[in-house]
Amino acid sequence: MKTVLIGCILSVLAILLIPSAAPQQADESEKRVLFIAQEESKPAAKMETSLLLADELSGSDAAQLRLLCGGEVLTVGVREYLTNVVLCEMPADFDLEALKAQAVAARTFLWKQAQSEKHMDADICADSACCQAWMNEQALREKYGGAYEKAAEKAALAVSQTADEVLCYNGALIDATYFSCSGGSTEAAVAVWGTDVPYLQPVESPGEESAARYKSEVSFTLDEFRKIITDEDEGAVMNDAAENWIGEITCTEGGGVDTAVIGGAVFSGVQLRQMFHLNSTKFTMELTDAGVTFHVLGFGHRVGMSQYGAENLAENSFSYRVILQYYYQNTRIKKLSRSDSGQFTLSD
């Protein structure tokens, strides 16, 4: 379903593009315009990683990685890994340009994690709560059933058409975080994780209404609500009339709850999301005689790329490059290749 809010984002992006051009046709003009103000002062960065290299091939997608899955470390080719991540993380019936945006974000996330040495004996894990979701072919065939072959072919195409491409800011890989849907606007990293990141800032993200978890509600009785609050903060006083429990609520620039005063104690939106198992921090609270209901928009941390927002842009003929540089502001798409010395090098 289209929304009138798309007019805002389209009017901004249309300045950069030839309106009638299809995503592939507009690619060169996008690069000419979008990169003018994004020249980096730092030289291409050389990267040390623990990823295993396939000597007979070149490019980062030709490497193999050590994947921690179910307590076992598997050796998996990067191309295969990314294809399966795309199939796990984004609906396969999304527009190809959205899938390509997902492939670049997933590839960037992979290499960033591999550099961090987060896992002692592996480059990345298959747990979406920690890294990125991944399943092997057998599990994916069970998930997709008869639609597997077509879905796998489309995901593989998204990976191959963006081969070796990663997102960079000031010559370094970015934290390419992504999520399902934002509820209309993404969030700044500082509002969720406490650290300001120049390329992870709030942007409008219309057209997400088709997401199954775009809207949700969670209700608690007054006794349940009071118990959860006081168990979290013993300083919260909720002995008087329930109508006095909830005080001032402040919001972030991205539209999420920043802080809320409940029972005289201050809680962050992130804290409340965790306490009440909410889909996102973009919520309102409705207090009635029966209890408290949270009305929630969006699903996920809302920082970085909205997958349903990416699909909406793709359906409106914007390429994966525009999608990525809209959600990850002032970043550049670079190629990650292997040098003769065995190091990986970023280049235009």
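Heads up: these notes are all about the structure in this document.

Before going further, it helps to spend a moment on the sheet that holds strand β13 (residues 291-297). In space, the three strands of this open sheet follow the order β8-β13-β12, with antiparallel pairing throughout. The open sheet is flanked by β8 (215-221) and β12 (283-287), the only strands paired with a single partner. Each strand of the sheet is rotated relative to its neighbour by a mean of 20°, with strand direction disregarded. Across five bridges, β12 lies against β13 in antiparallel orientation. Each bridged residue has a counterpart across the sheet, and for Thr284 the counterpart in β13 is His295. Strands β8, β12 and β13 of the sheet are contacted by helix α8 (residues 222-232), whose axis makes an angle of about 90° with β8.

On to helix α4 (residues 96-116), then. For α4, built from 21 residues, the straight-helix expectation of 30 Å at 1.5 Å per residue is met to within 8% by its first-to-last C-alpha distance of 30 Å. Most of α4 is tucked away: 18 of the 21 residues are buried. At the N-terminal boundary of α4, the capping side chain belongs to Asp95, with an oxygen 2.8 Å from the backbone nitrogen of Glu97. Glu117 sits one or two positions beyond α4 and adopts a positive phi of about 55°.

A separate point is the packing of aromatic side chains. In total, this model carries 10 aromatic pairs according to the counting rule given. Where Phe225 meets Trp245, the ring centres are 6.3 Å apart and the plane angle is 15°; that geometry is what we call stacked. Pair noted here: Phe225 is in helix α8 and Trp245 is in the loop between α8 and β9 (246-251), with a separation of 20 residues, a long-range link. By relative accessible area, which is 4% here, Trp245 ends up buried. Among the aromatic residues, those joined into a cluster by ring pairs are Phe220, Phe225, Trp245, Phe276, Phe283 and Phe294. The ring of Phe299 carries Arg213 above its face, with NZ or CZ at 4.4 Å from the centroid.

The rules behind each value
Residues numbered from 1 in each chain as written. Predicted model: local features only at pLDDT ≥ 70, side-chain atom pairs only at ≥ 80, totals over all residues. Heavy atoms only, no water. Pairing = 2+ DSSP bridges. Helix = DSSP H or I, 4+ residues; strand = E, 2+ residues; numbered from the N terminus. Axes fitted to C-alpha atoms, helices over the stretch in contact; angles between N-to-C directions. Contact = heavy atoms within 4.5 Å. Expected span 1.5 Å × (residues − 1). Buried < 20%, exposed > 50% of the residue type's maximum accessible area, 1.4 Å probe, protein only. Polar contact = N/O pair within 3.5 Å; in protein donor to acceptor, adjacent residues only side chain to side chain. Phe/Tyr/Trp six-rings, centres within 6.5 Å; stacked < 30°, edge-to-face > 60°. Lys NZ or Arg CZ within 6 Å of the ring centre and 35° of its normal.

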